[in-house]
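# Chains, contacts and geometry: an overview
Here's the letter readout for the chains.
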There are 2 protein chains.
Amino acid sequence: MPTYNAPVRDMKFIMQEMLNIGDLTKYEKFSEADTETLDAIIDHGAKFSSEILTPLNVIGDKEGCTRHSDGSVTTPTGFKEAYAQMVENGMLGLSANPEYGGMGMPGIWSIAAGEMQSAANTAFSMYPGLTNGAAKAIEIGGTEEQKKTFLPKMVSGQWTGTMNLTEPHCGTDLGLLKTKAVPQTDGSYKITGQKIFISAGEHDMSENIIHLCLARIEGAPEGVKGISLFIVPKFKLDEKGEVGPKNAVSCGAIEHKMGINGNATCVMNYDEADGYLVGEADKGLRVMFVMMNRARLDVGMQGLAQSDVAYQNAVAYAKDRAQGRSLTGPKNTDGPADPIIVHPDVRRMLMETKAFNEGARALIYWSALMEDLETVHPDEKFREKADDYLGLLTPVIKGYLTDKALATTIDCQQIFGGHGFIEEWGMSQFVRDTRITLIYEGANGIQALDLVGRKLAKNGGRALMTLNAEMDDFLSENSENETLSEFMEGLKKAKDSLSNATMWLMQNGMQNPDNAGSGSVDYMHMMGLTTLAYMWAKMAVVAQSKIDGGSNDEFYSNKIITGRYFILRMLPMLDAHFAKIKTGAEPIMALKASAF
Amino acid sequence: MPTYNAPVRDMKFIMQEMLNIGDLTKYEKFSEADTETLDAIIDHGAKFSSEILTPLNVIGDKEGCTRHSDGSVTTPTGFKEAYAQMVENGMLGLSANPEYGGMGMPGIWSIAAGEMQSAANTAFSMYPGLTNGAAKAIEIGGTEEQKKTFLPKMVSGQWTGTMNLTEPHCGTDLGLLKTKAVPQTDGSYKITGQKIFISAGEHDMSENIIHLCLARIEGAPEGVKGISLFIVPKFKLDEKGEVGPKNAVSCGAIEHKMGINGNATCVMNYDEADGYLVGEADKGLRVMFVMMNRARLDVGMQGLAQSDVAYQNAVAYAKDRAQGRSLTGPKNTDGPADPIIVHPDVRRMLMETKAFNEGARALIYWSALMEDLETVHPDEKFREKADDYLGLLTPVIKGYLTDKALATTIDCQQIFGGHGFIEEWGMSQFVRDTRITLIYEGANGIQALDLVGRKLAKNGGRALMTLNAEMDDFLSENSENETLSEFMEGLKKAKDSLSNATMWLMQNGMQNPDNAGSGSVDYMHMMGLTTLAYMWAKMAVVAQSKIDGGSNDEFYSNKIITGRYFILRMLPMLDAHFAKIKTGAEPIMALKASAF
């Protein structure tokens, strides 16, 4: 049975020592976000994840969710009770608006809390996760009345939420969507259509489910310019805003999936269901996309979370399993074999995962802090920069981090040999659960197109130029740091390589957009590698300063060793990606479609 | 429901146009292996795979195998009947020794037939596949009487076979194995112990199961020098060699696995079961390893097979699914969206898979031909070369091809977006079934160690030197082929890069074996890339010669386009691997085990 212990030390290192999030308390909005409160929340979340959510993970995978003939859905044994406990303990709404009952803590706190829940039980964590997303959509686009009606109960967790975008014939291309909304005389709409892949679409964990649903108002323009967003509650509300009669929306089936089986992925049928417009008619995608950007950061975090729990279990196995002898002579001389952690190739896989995880955590948390600062920082220039970074890095965090997380999770499974393939050991579930992160919230190829086709060129390329300038400043500040020269050289090389690739794409993508499309995923990986190199260099500087300050805590020297692995063994991929990009569209597009 | 159509044209191109296997008929052993017979076998195998085995693939995954309270095991619906049909049609024993009822056809024919079965239904194909392996072991190591008793029934498929190596505490490190063999006065042995992960260990498809089991004879030396191989039939034989009373070996449990659910992976309990020594006492591993080398080629083939069936279904989906518009303007102007095959990133994944598959097929078939020629070629030098190549390339075919096959299969699943994650579409099963190929028959890290630690240095590095000389000759012959200059330059660069890496490993591995261990997987990938580049250059020469000869068959021009993709977009990985290798053991081994 796999275990999970939240990497509290590393989380706090990043939040407190690297990012100094204690500074947030100087802003009124976060004046109560002090270290003691954070520590209490992290420590409690860590305990809850290990003790409550982890044991339910395997159960969720085995049992899955059950749809009954009346369309109701039962979640796996224990899910309902664990969720009730979270609601009761006030664990939800950590960063939600206090006006609606939220705690108003920084978003970076939520990311950290979410990482622990997702690592322990990603299928479970999606129920509250999607509620946050749906509540966010209402907060961004809803009327005052809608906010007052729905948000307090969603923030507390009494009601949950969903996002209904995909239809059988359209996922990526929402312009094709057919779900219909017919205006009623009272200002509401009747929604009719079918949505698929609706996570947490139906379940028994909350007293109501608030569906956020994209539909096309009768007579609206075709394509993406005619899409509106609606609130469609599972149960309509009575005059007091409490649960009333059943609405005409129901779960038609639960999908049988490769993973995240504890989450009910539903086909949702809308049959003249009552719906309420959110924001302006025909402009539903705007609201949906604001919300989706945050969801994409969460998906990157889910990838990291699975990679981390897979790593922890692989480490335990590699220290325990004795097989063969070290190439440099026996290490466990009392036993008939050495633990497999002595073997370089086992270590290679563990180091790759560790170096990726810690870098990824830094990048995600750093981005989450940008999101917080964007809301409070007094300097407009800084707020603009934070917004630029988020736009630029969201596809990288979603796309690159999950691509890589799947690879590391597979490596961790590999360390178990045959046992990795047997469900009882739990490693298969980590791989299967991670697999979805490359797909949902916009498949990774779409992320790469978003990066190359939109984010890179936005505002004349300002985001990347600002980031480059920041990295240049950092390198100048640390140019005399000889102890960390490998980090600085690695970062500089990465930055230059990325710049060359950017230049190539700009010049050749203009000429033929397929040149940009053909190199987009490679480019996304290059930006992922470069930003992780930046995070690693920053972490190394912090760690080294602690060592120079006299700390004997091995955490710091280990941090530098891990970062060196990243710089030396992971950055070489940059050149390979650039070489591929430079071949352009021709080798990819030359074959006629009929010849495949 | 996924489909499969055997790539007959490509198989025949490789066998007949590239490898000229018709030439084998000039050797007496293969005098009947003419093109007409091959065509008939391939065409029949293709039909059987598509029509009979493919529909059973999903059923096998869903139903799995069932163990009953008496230890008997039922295979999925239809498996038994399909197997009976194969036995009846004489589809088994294609390359088996005619002395025991085999057809005596070249091994390359079997690889081709096996690829089709494995692509259609890999879990099913393992039942006959393991029988071939077990029969081979008896043929190599058994007495005349053993051969006469067991082989005819195993070759016909009336009886099946298994390999019993792994125990709960040992897989890779067989020296630790504990299963005990106690000599009896009649020359037989009583075998006692537990074996795990025994594919096809118990089932209802044949009237007897012949287990090949590794055990340690009482008093034998510890470690690998005290391991013997035994025949342990499920049912003991009566005096006529027919099925008699039940032997004391039984299935204790079926494992719940990530994939290949149609195959019964059993815990086998031996409780003083009657066993018969194969070959010399304490020298069981020799026989086992001869057999395992062939099994490793088969596993590489399984990887290719899954990658190919995943590719076929991804192509069909990419041509059918309309979503978004081409970056260069609408292509399907009559519809609201273009088929996703217009998108460069979808094509990138398809091209990567296609270029890998066709190269991998050439490498596997070429190696299988070497195995055939090793048995018949009159020139001792040539036989030595064939044996050298097989030794060198077996770990590459097993390790590199399956690593890469998993990646391409995942890419093909990705093309389906959300539908790829839903079991009904079948792509998840391809990924889950492919996953085992990186693990069994020696995990891929072990293959890399075998390559770097043993095969490379064997006979003073003769194998690689011979291969290099062959590639040099090929390059000289084609130095003036300007049409294919990209192929020749790519191959030359790959060869040089591999040579540099070999040199580095030899120099630095001597100094510290962990340097070799740390770079072993990267090196295995380099050799995989280089040998595929060689295969592609050879295929391109054949295709170009057909074009130059006036052929208008687009197969040939498509072959060259596909090969160009490999050269331009896949070879750039070589430099990344070499850069990683050159960092040596230090970044991998620097962290204390306790710091993981």
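This report concerns the structure included in the present document. Keep in mind the model is a prediction, meaning the values are calculated, not measured. (Residues numbered from 1 in each chain as written. Chains lettered and ligands numbered in written order. Predicted model: local features only at pLDDT ≥ 70, side-chain atom pairs only at ≥ 80, totals over all residues. Heavy atoms only, no water.)

### Remarks on the packing of aromatic side chains
Pairs of aromatic rings are described using the distance from one ring centre to the other and the angle between the two planes. Where we set the bar: Stacked, tilted and edge-to-face are the three classes assigned to paired rings of Phe, Tyr and Trp, where Trp is represented by its six-membered ring and a pair needs centres within 6.5 Å; plane angles under 30 degrees give stacked, over 60 edge-to-face, the rest tilted. Numbering of helices and strands runs from the N terminus, with a helix taken as a DSSP run of H or I at least four residues long and a strand as a DSSP run of E at least two residues long. Only protein chains enter the calculation, and the probe is 1.4 Å; a residue is then buried if its accessible area is under 20% of its type maximum, exposed if over 50%, and partly exposed in between. Comment: the charge-over-ring label is applied if NZ (Lys) or CZ (Arg) is within 6 Å of the ring centre and within 35 degrees of the ring normal.
Scanning the entire structure with this criterion turns up 28 aromatic pairs over all chains. An angle of 80° between the planes, with centres 6.5 Å apart, marks the rings of F356 of chain A and Y400 of chain A as edge-to-face. Taken together, the residues F356 of chain A in helix α8 (residues 344-376) and Y400 of chain A in helix α9 (residues 380-415) connect sequence positions 44 residues apart. When the centroid spacing of 4.2 Å and the interplanar angle of 20° are considered together, the rings of Y317 of chain B and F416 of chain B count as stacked. On the criterion of sequence distance, the pair formed by Y317 of chain B in helix α7 (residues 284-320) and F416 of chain B in the loop between α9 (380-415) and α10 (427-435) is long-range, its members being 99 residues apart. Taking relative accessible area as the criterion, F416 of chain B reaches 4% and is therefore assigned buried. Three or more aromatic residues joined by ring pairs make a cluster, and in this case those are W366, Y389, F474 and Y534 of chain A. The residue whose ring lies beneath K582 of chain B is F578 of chain B, and the NZ or CZ to ring-centre distance is 4.3 Å.

### Side note on the environment of D338 of chain B
All names here are of chain B. Spelled out, the test is: In this analysis, two residues are considered to be in contact whenever any of their non-hydrogen atoms come within 4.5 Å of each other. Here a polar contact means two N or O atoms within 3.5 Å. Within protein one must be a hydrogen donor candidate and the other an acceptor candidate, and residues neighboring in sequence count only if both atoms are side-chain atoms.
By the element assignment, D338 lies in the loop between α7 and α8 (344-376). Each C-alpha atom, one on D338 and one on A112, is 36 Å from the other, the two residues being 226 residues apart in sequence. Not counting residues within four places of it along the chain, the set of residues in contact with D338 comprises R321, A322, Q323, G324, R325, S326, G329, P330, K331 and N332. A distance of 3.0 Å separates a polar side-chain atom of D338 from the backbone nitrogen of K331. A distance of 2.6 Å separates a polar side-chain atom of D338 from the backbone nitrogen of N332.

### Overview of the interface of chain B and chain A
Condition: Accessible area, probed at 1.4 Å, shrinks when two parts are joined; the buried area is that loss added up over both. When a carboxyl oxygen of Asp or Glu is within 4 Å of a side-chain nitrogen of Lys or Arg, the pair counts as a salt bridge.
With 90 residues of chain B at the contact, the number on the chain A side is 90 residues. On the chain B side of the contact with chain A, F421, R569 and F596 of chain B bury the most area, a combined 11% of that side's loss. At the boundary of chain B with chain A, the tally comes to six salt bridges. Of the charged contacts in the structure, one is a salt bridge between K592 of chain B and E554 of chain A, with a shortest N-O distance of 3.0 Å.

### Some details on the relation of the copies chain B and chain A
What counts here: Alignment of the copies relies on least squares applied to C-alpha atoms, considering only residues that score at least 70 for pLDDT in both.
Rotating chain B by 180° and translating it 0.0 Å along the rotation axis places it on chain A, where the RMSD comes to 0.0 Å. What we have between these two chains is a two-fold relation. Residue A576 of chain B of chain B places its C-alpha closer to the rotation axis than any other residue of that unit, at 3.0 Å. Comparing interface residues between copies, 100% of those in chain B also lie at the interface in chain A; the contact surface is shared.

### Observations regarding the side chain of S188 of chain B
All names here are of chain B. Mapped onto the secondary structure, S188 falls in the loop between β4 (180-183) and β5 (189-199). Residue S188 is classed as buried on the basis of its relative accessible area of 7%. Only 2.7 Å separates the side chain of S188 from the side chain of D186, close enough to count as a polar contact. Residues in contact with S188, not counting those within four places in the same chain, are V182, P183, G275 and Y276.

### Re helix α5 (residues 122-141) of chain A
One turn of an α-helix holds 3.6 residues; hence residues three or four places apart share an orientation. Here is the rule: Helix span, expected: 1.5 Å multiplied by one less than the number of residues in the helix. A residue's bend is given by the angle between axes fitted to the 7 residues ending at it and the 7 residues starting at it.
Look at α5 of chain A: 28 Å from first C-alpha to last across 20 residues, which is about the 28 Å you get at 1.5 Å a residue. Along α5 of chain A, the sharpest kink reaches roughly 25°, centred on P128 of chain A.

### Points about the environment of S50 of chain A
Residues and elements named next belong to chain A. Along the chain, S50 falls in helix α2 (residues 35-63). Considering only alpha carbons, one finds S50 and A120, 70 residues apart in sequence, at a separation of 6.6 Å. Every residue in contact with S50, bar those within four places of it in the chain, is listed here: Y4, N5, A6 and P55.

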